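Residues per chain are reported as follows:
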Amino acid sequence: MRIAVFAGDGIGPEVTREAVRVLKALNLPGLELVEGDVGGAAWRKHGHPLPPQTLEIARSAGAILFGAVGDFECDRLERHLRPEQAILGLRKELGLFANLRPAKMFAGMEDTSALRPEVAGAIDLLIIRELNGDVYFGEKGIRTLPDGRRQGWDMMSYAEDEVRRIAHVGFKAAQGRRGLLCSVDKANVLETSQLWRDVVIEVSAEYPDVTLSHMYVDNAAMQLVRNPGQFDVIVTGNLFGDILSDQASMCVGSIGLLASAALAETSFGLYEPIHGSAPDIAGKGLANPMATILSAAMLLRHSFGAEAPAARIEAAVAKALADGIRGGDLGGSHSTSAIGDAVLARL
Ligand code: NAD
Ligand code: IPM
Ligand code: MN
């Protein structure tokens, strides 16, 4: 059970520390943690946000626990040197194409949602976000037009095999849940989305037991706050999935609660909170580590088949929340380490 731990920037090290404490407390046989540098921290030390030695550590491990990258001091660097390239590079280099971002209301937490409690109570959805394609990885640049104006451009595209493999992940996930798959696109405007929709419909023939629906992304954003309980599994592209998952987090209560898995075709995966490095609160003990702790649970389940310890972590987090343990993001005053302590005490 060799796990690469890439803490990164800002609150990344703070929240990762708590998740590592939880992993160690489980006394898992064969557990081995190997740290590596990513993001702005890696750029300062090695001149690159994803140095070769970090990639090597990743490849030698069965899974990656990732904190966050992002450092405003690096925002004027050439794009390939920016901290975010660490996470984008790992996703692409390691074929981590399927991003699972579950959002479920915790018992007794309805009052912390940005939605009315009776609306928020019904949230139990899974966003499946394609992670290796879309406008993220197309050609891009800033060029000067013949008339002297500067123009920024980013190429959006999806090849049919890329859509097909994420569609299969979506249908299979729906089979294991309530049997509803909603594919979110912008097919009324984008050709990329038209192909996406056509391919998802083709794949649906193999899953007669799953009810497929389609929704435009603007409507999906509205429906997520109007009636989030209608969603079971959402499958969508890289950009739309990024935006909708941050939105879903506030429906549950905080971005500090949502975990994620980025999976390859094998059991290998990268696990991280959906939030970023939160420079506005970094170094102050204000970050909620629960999203990272829950990501560690997903890691044990998906990459190592360790269901029992994964469920133990999730139950401990749910119990801590039910007992009133709240970070500042949830209107409380528990520090990052106090939240870690509270989860450990309930394991
Ligand atoms: P962010 O998610 O870092 O922060 C958004 C807001 O949520 C901030 O007010 C922050 O304080 C709060 N927040 C986030 N996580 C929290 C937690 N665990 N507990 C309490 N509050 C929390 O998004 P941003 O401010 O747009 O981006 C900051 C940097 O992070 C940027 O450089 C961005 O590129 C990067 N980023 C990285 C990742 C990643 O590593 N996967 C994800 C998102 C953003
Ligand atoms: C996320 C982040 C990343 C993304 C950034 C930091 C590249 O927002 O993991 O959600 O856009 O995928
Ligand atoms: Mn994001």
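Rules used throughout
- Residues numbered from 1 in each chain as written.
- Chains lettered and ligands numbered in written order.
- Predicted model: local features only at pLDDT ≥ 70, side-chain atom pairs only at ≥ 80, totals over all residues.
- Heavy atoms only, no water.
- Helix = DSSP H or I, 4+ residues; strand = E, 2+ residues; numbered from the N terminus.
- Rg over C-alpha atoms; globule rule 2.2 N^0.38 Å.
- Buried < 20%, exposed > 50% of the residue type's maximum accessible area, 1.4 Å probe, protein only.
- Contact = heavy atoms within 4.5 Å.
- Areas by Shrake-Rupley, 256 points an atom, 1.4 Å probe, with all protein chains shown as cover.
- Lys, Arg positive; Asp, Glu negative; His and termini not counted.
- Charge placed at Lys NZ, Arg CZ, Asp CG, Glu CD.
- Domains from an automatic or database assignment.
- Buried area = accessible area lost by both parts, 1.4 Å probe.
- Polar contact = N/O pair within 3.5 Å; in protein donor to acceptor, adjacent residues only side chain to side chain.
- Nonpolar A, V, L, I, M, F, W, Y, C, P; charged D, E, K, R; others polar.
- Near = heavy atom within 4 Å.
- Core = buried A, V, L, I, M, F, W, Y, C linked by side-chain atoms within 4.5 Å.
- Expected span 1.5 Å × (residues − 1).

Novice: Hey, could you go over the overall build of the protein for me, with residue numbers and the actual values?
Specialist: Looking only at helices and strands, the protein features 12 helices and 12 strands. Relative to the globule expectation of 20 Å for 347 residues, the C-alpha radius of gyration of the protein, 20 Å, shows essentially globular dimensions. Along the longest, intermediate and shortest principal axes, the C-alpha atoms of the protein span 60 × 50 × 35 Å. Buried positions account for 53% of the 347 residues belonging to the protein. Contacts in the protein between residues at least 24 apart in sequence constitute 74% of all its contacts with a sequence separation of at least 6. As displayed, the protein offers around 14,700 Å² of accessible surface, 53% of which is attributable to carbon and sulfur atoms. The positive charge centre, built from 34 side chains, and the negative charge centre, built from 43, are 3 Å apart in the protein.

Novice: Explain the domain arrangement of the protein to me, using residue names and the numbers behind them.
Specialist: According to the domain assignment, the protein contains domain 1 (1–97 + 264–347) and domain 2 (101–255). A separation of 23 Å is found between the C-alpha centroids of domain 1 and domain 2. Both faces combined, the contact of domain 1 with domain 2 buries some 1,800 Å², and carbon together with sulfur accounts for 66% of it. Here domain 1 is connected to domain 2 by five residue pairs in polar contact (both at pLDDT 80 or more). Counting residues per element, the ones that place at least two in the side of domain 1 that touches domain 2 are α4 (84–93), α10 (290–304) and α11 (307–322). Across the side of domain 1 that touches domain 2, the residue classes break down as 11 nonpolar, two polar and six charged.

Novice: Please give an account of the site of ligand 2 that cites residues and values.
Specialist: Around ligand 2, the neighbouring residues are Glu84, Leu88, Arg91, Arg101, Arg129, Tyr136, Asp242 and Ile274. In the model, an oxygen atom of ligand 2 is placed 3.0 Å from a nitrogen or oxygen of the Arg101 side chain. In this structure, an oxygen atom belonging to ligand 2 sits 2.9 Å away from a side-chain N or O atom of Asp242. Protein burial of ligand 2: of its 330 Å² of free accessible surface, 77% is covered by the chains. Among the elements that line the shell around ligand 2, the one with the most residues is α4, at three residues. Per-class residue counts for the shell around ligand 2 are three nonpolar, no polar and five charged. Looking at which domains feed residues into the shell around ligand 2, each of domain 1 (1–97 + 264–347) and domain 2 (101–255) gives three or more.

Novice: Tell me what's going on with the environment of Ser267, and back it up with residues and numbers.
Specialist: As for its placement among the helices and strands, Ser267 is situated in the loop between β11 (259–263) and β12 (269–273). Considered as a pair, Ser267 and His302 are 35 residues apart in the sequence and their alpha carbons are 6.6 Å apart. When sequence neighbours within four positions are dropped, the list of residues in contact with Ser267 reads Gly62, His302 and Ser303.

Novice: Quick one: what's the story with the site of ligand 1, residue by residue and with numbers?
Specialist: Residues in close proximity to ligand 1 total 21 residues, the closest being Glu84, Gly276, Ala278, Asp280 and Asn288. Separating a nitrogen atom of ligand 1 from a side-chain N or O atom of His275 is a distance of 3.2 Å. Ser277 places a main-chain nitrogen or oxygen 3.1 Å from an oxygen atom of ligand 1. In the complex, 71% of the free accessible area of ligand 1, which totals 800 Å², lies under the protein chains. Residues that form the shell around ligand 1 fall into these classes: 10 nonpolar, six polar and five charged.

Novice: I'd like a rundown of the nonpolar core, residues and numbers included.
Specialist: Residues Leu257 and Leu300 are the most contacted members of the largest nonpolar core, which totals 81 residues. The greatest single-element share of this core, amounting to eight residues, is contributed by α10. In terms of domain composition, this core takes at least three residues from each of domain 1 (1–97 + 264–347) and domain 2 (101–255). In this structure Leu300 touches Met1, Leu23, Leu26, Leu28, Gly305, Ala306, Pro309, Ala310 and Ile313, once residues within four positions along its chain are discounted. Core analysis: the second largest hydrophobic core is formed by 23 residues, Ala4, Phe6, Leu131 and Leu270 among them.

Novice: Tell me about the side chain of Arg101, and name the residues and values.
Specialist: Following the sequence through the fold, Arg101 ends up in strand β4 (residues 98–104). In terms of polar contacts, Arg101 uses its side chain to reach the side chain of Asn99, at 2.9 Å. In this view, Arg101 contacts Arg91, Leu125, Leu126, Ile127, Arg129, Asp242, Ser245, Ala259, Ser260 and Ile274; residues no more than four positions away in its chain are not counted.

Novice: Outline helix α6 (residues 160–175), supporting the account with residue identities and numerical values.
Specialist: Taking 1.5 Å of rise per residue, 16 residues should cover 22 Å, and α6 covers 22 Å from first to last C-alpha, within 8% of that figure. Residues of α6 that are buried: Glu162, Val163, Ile166, Ala167, His168, Gly170, Phe171, Ala173 and Ala174. The inward-facing, buried residues of α6 contact β4, β5 (124–130), β8 (180–185), α7 (191–204), β9 (211–216) and β10 (233–236).

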